[in-house]
Amino acid sequence: MSRRSELEKEIEIAKKRIDDAPKDTPKEIMEAWIKELDSLSIELNDLYDDDENEFPS
């Protein structure tokens, strides 16, 4: 599995966890989950795909 696929799956899981969190989830936990989601999103956005960025010789 490529790193891009792994990140996309991790982001999907993180979003679902945030969306499905009980209303009484502590604020600190929600903030940590949101921070994790932000970090994963940034990593995905900064990912360099060799296959997509190859230039003809």
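Here the structure is shown first, and the text comes after it.
Reading the values: the criteria
- The numbers attached to residues start from 1 for each chain and follow its sequence in the written order.
- A pLDDT threshold of at least 70 governs which residues receive local features in this predicted model, and a stricter bar of 80 or more applies before side-chain atom pairs are shown or counted, although totals over entire chains, interfaces and linings include all residues.
- For side-chain calculations, the full set of non-hydrogen atoms in the structure is used, while hydrogens and water are omitted.
- For the purposes of this section, nonpolar cores are sets of buried Ala, Val, Leu, Ile, Met, Phe, Trp, Tyr and Cys residues that join through side-chain atoms within 4.5 Å.
- Relative accessibility thresholds used throughout: buried, under 20% of the residue-type maximum; exposed, over 50%; partly exposed, between the two (1.4 Å probe, protein chains only).
- Put simply, DSSP marks the helices as runs of H or I at least four residues long and the strands as runs of E at least two long, and each gets a number from the N terminus on.
- In this analysis, two residues are considered to be in contact whenever any of their non-hydrogen atoms come within 4.5 Å of each other.
- Helix span, expected: 1.5 Å multiplied by one less than the number of residues in the helix.
- In this description, the arc belongs to the directions extending from the helix axis to the C-beta atoms.

Participant: Looking at this model, I keep getting lost on the nonpolar core. Mind explaining?
Facilitator: If you look at soluble globular proteins, the nonpolar side chains tend to sit buried side by side. If you look at the biggest cluster of nonpolar residues, it comprises 9 residues: Leu-7, Ile-11, Ala-14, Ile-18, Ala-21, Met-30, Leu-37, Leu-40 and Leu-44. Among the secondary structure elements, those contributing two or more residues to this core are helix H1 (3-19) and helix H2 (27-46). In this structure Ile-18 touches Met-30, Trp-33, Ile-34 and Leu-37, once residues within four positions along its chain are discounted.

Participant: I tried to follow H2 on my own but got confused; where do I start?
Facilitator: An α-helical segment advances 3.6 residues per turn. Residues three or four places apart therefore align on the same side. If you check H2, its first and last C-alpha atoms are 28 Å apart, about what 20 residues at 1.5 Å a residue would give, namely 28 Å. Three or more residues of H2 are buried, namely Met-30, Leu-37, Leu-40 and Leu-44. Down the axis of H2, the buried side of the element spans an arc of 90°, and every buried residue falls inside it. Those residues of H2 that are exposed and aimed more than 90 degrees away from the buried face are Lys-27, Glu-28, Lys-35, Ile-42 and Asp-46.

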